Amino acid sequence: MVKRDSEYLWPNLKGFESIDSETVELKSSLIVNLTITREKIIHPDKYSSLLKLLRVTAYIFRFVNALRKKDFEKGPLASEELFNAEIFWVKVTQNDFYSSEITCLKSDKHLQKDSKLLFLNTFLDDNGVLRVTGRLGKTTSLSANEKHPIILPSKSGLTELLIWESHKRVFHSGVSHTLVQWKYIIERAAWWGGFYERMVRSVKVGLRKTLGKSSLTTEQLSTVLTEIEGMINSRPVTYVGSETEETIPLTPAHFIIGKRITSLPP
């Protein structure tokens, strides 16, 4: 029978005699690689209209604010909430396409030479939105958005929704009414833009025959121009018959006010 404390059953500790168990420190290390990816909960490409995107975003913001303040706001969305939602998506889109430019502007550095915005006078407004300024900024008759337009990429979900919204606002009138297009003519070239150049000539002839070398006040000149406008818009654009019972010919006034100009304004 073997005793429990028999020495020959002890483990062989040869080579470990110099190790003091009290000075041995066991350490364990754990290395964790954590990768955080941020994905958009909602995406403009998945929405058919700009208003729907803004409403969904505004309701999400309202829900988040309710969790923070523990006071859920009820009722329809306010215009300020929709505006904040629109600014949010503008900033998200700009950060996706112009992140390096925004970083340079925040640190007061020059834009990179390969930047698409290099030759534009860009700046960040109070909301952190990337805008452009120019000679229109000195005009007092324009709004702030017209003076300093927001910069958006040509190909993005938000841009497509904005264009589609404008397209619906003008009742699907086409690109010429949806987007502003500038048309240039050669300076002093009479064979370019003949239609409206002929209209300008008609006004000049009327002014020359009416005024001659007379000098008028602003109010008098406005009256004369109004009379000339009425005469030009009274010219027939269809066949004029010799009989009084024939149909009244169409004039430009029919397309402007829906009827013929029978008398000049007082």
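The name recorded for the protein in an unreviewed UniProt entry is Integrase zinc-binding domain-containing protein, from Trichonephila clavata.

Peer 1: What's the story with a nonpolar patch on the surface in this structure? I'm lost.
Peer 2: Together, Val237, Leu250, Phe255, Ile256 and Ile257 give the surface a local cluster of nonpolar side chains, amounting to about 540 Å² of exposed area. Relative to the helices and strands, Phe255 resides in helix α9 (residues 252-256).

Peer 1: How do you make sense of helix α8 (residues 218-232) when you look at a structure like this?
Peer 2: Because the α-helix completes a turn every 3.6 residues, residues three or four places apart line up on one side. Here α8 spans 21 Å end to end across 15 residues, near enough to the 21 Å set by a 1.5 Å rise per residue. Among the residues of α8, Val224, Ile228, Gly230 and Ile232 are the ones counted as buried.

Peer 1: In this structure, what is going on with the packing of helix α1 (residues 50-69) against helix α5 (residues 157-169)? I would like to understand it.
Peer 2: Their axes nearest at 9 Å, the elements α1 and α5 cross at an angle of 125°. The orientation of α1 with respect to α5, classified from their angle, is oblique. In this structure, α1 contributes Leu50, Leu51 and Leu53 to the contact, and α5 contributes Leu158, Leu161, Leu162 and Glu165. Class assignment of the residues belonging to the contact of α1 with α5 gives a composition of six nonpolar, no polar and one charged.

Peer 1: Honestly, the side chain of Glu101 in this entry has me stumped. Any pointers?
Peer 2: Examined against the element boundaries, Glu101 turns out to sit in helix α3 (residues 99-106). There is no salt bridge for the buried Glu101, and the closest opposite charge comes from Lys116, which lies 8.5 Å off by N-O distance. The residues contacting Glu101, other than those within four sequence positions of it, are Leu111, Ser115, Lys116 and Leu117.

Peer 1: Which parts of the structure should I look at to understand the nonpolar core?
Peer 2: Across soluble globular proteins, nonpolar side chains have a tendency to be buried as a group. Formed by 15 residues in total, the largest nonpolar core has its most connected members in Ile42, Leu50, Leu53, Leu54, Trp89 and Leu158. Listing elements by their share of this core, those giving two or more residues are α1, α2 (79-97) and α5. Take this core: its biggest share by element is five residues, from α2. For Leu158, the contacting residues outside a window of four places in its chain are Pro44, Leu50, Trp89, Val90, Thr93 and Leu152.

Peer 1: What is the right way to look at a positive patch on the surface in this model?
Peer 2: There is a patch of like positive charges on the surface, built from Arg198, Arg201, Lys204, Arg208, Lys209 and Arg235. By the secondary structure assignment, Arg201 is in helix α7 (residues 194-211). Here Arg201 falls in the exposed class, since its relative accessible area comes to 52%.

Peer 1: What am I meant to see in the pattern of salt bridges here?
Peer 2: If the charged atoms of two oppositely charged side chains come close together, the side chains can form a pair. For the structure shown, the criterion picks out two salt bridges. Between Arg62 and Glu81 there is a salt bridge, with its nearest N and O atoms 2.8 Å apart. Residue Arg62 is found in helix α1, and its partner Glu81 is found in helix α2; the two are separated by 19 residues along the sequence. Residue classification places Arg62 among the buried residues on the basis of a relative accessible area of 5%.

Peer 1: Would you take a moment to explain the environment of Thr210 for this structure?
Peer 2: If you trace the backbone, Thr210 turns up in helix α7. The sequence separation of Thr210 and Val224 amounts to 14 residues, and the corresponding C-alpha distance is 8.0 Å.

Peer 1: Would you explain the packing of aromatic side chains in this entry?
Peer 2: Geometry of an aromatic ring pair is reported as the spacing of the ring centres plus the angle between the planes. Scanning all chains against the criterion turns up two aromatic pairs. Look at Phe61 and Phe88: their rings are 5.2 Å apart centre to centre, the planes differ by 90°, and that puts the pair in the edge-to-face class. In this pair, Phe61 is assigned in helix α1 and Phe88 in helix α2, connecting sequence segments 27 residues apart. Ring geometry for Phe88 versus Trp89: centroids 5.2 Å apart, planes at 75°, classification edge-to-face. In this structure Trp89 comes out as buried when scored by relative accessible area, which is 2%. Pairwise contacts between aromatic rings join Phe61, Phe88 and Trp89 into one cluster.

Peer 1: What am I meant to see in the packing of α2 against α3 here?
Peer 2: Any two packed helices are characterised by how steeply their axes cross, that is the angle between the axes, and by the distance between the axes. Remark: α2 packs on α3, axes separated minimally by 5 Å, with the N-to-C direction vectors making an angle of 100°. With respect to each other, α2 and α3 are oriented roughly perpendicular. Side by side, α2 and α3 meet where Gln94, Asn95 and Phe97 of the first sit next to Ser99, Glu101 and Ile102 of the second. The residue inventory of the contact of α2 with α3, partitioned by class, reads two nonpolar, three polar and one charged.

Basis of the calculations
- Residues numbered from 1 in each chain as written.
- Predicted model: local features only at pLDDT ≥ 70, side-chain atom pairs only at ≥ 80, totals over all residues.
- Heavy atoms only, no water.
- Patch = residues over 30% accessible without salt bridge, like charges linked within 9 Å, V, L, I, M, F, W, Y side chains within 5 Å.
- Areas by Shrake-Rupley, 256 points an atom, 1.4 Å probe, with all protein chains shown as cover.
- Salt bridge = Lys/Arg side-chain N within 4 Å of Asp/Glu carboxyl O.
- Helix = DSSP H or I, 4+ residues; strand = E, 2+ residues; numbered from the N terminus.
- Expected span 1.5 Å × (residues − 1).
- Buried < 20%, exposed > 50% of the residue type's maximum accessible area, 1.4 Å probe, protein only.
- Axes fitted to C-alpha atoms, helices over the stretch in contact; angles between N-to-C directions.
- Parallel < 35°, antiparallel > 145°, perpendicular 65-115°, else oblique.
- Contact = heavy atoms within 4.5 Å.
- Nonpolar A, V, L, I, M, F, W, Y, C, P; charged D, E, K, R; others polar.
- Lys, Arg positive; Asp, Glu negative; His and termini not counted.
- Core = buried A, V, L, I, M, F, W, Y, C linked by side-chain atoms within 4.5 Å.
- Charge placed at Lys NZ, Arg CZ, Asp CG, Glu CD.
- Phe/Tyr/Trp six-rings, centres within 6.5 Å; stacked < 30°, edge-to-face > 60°.

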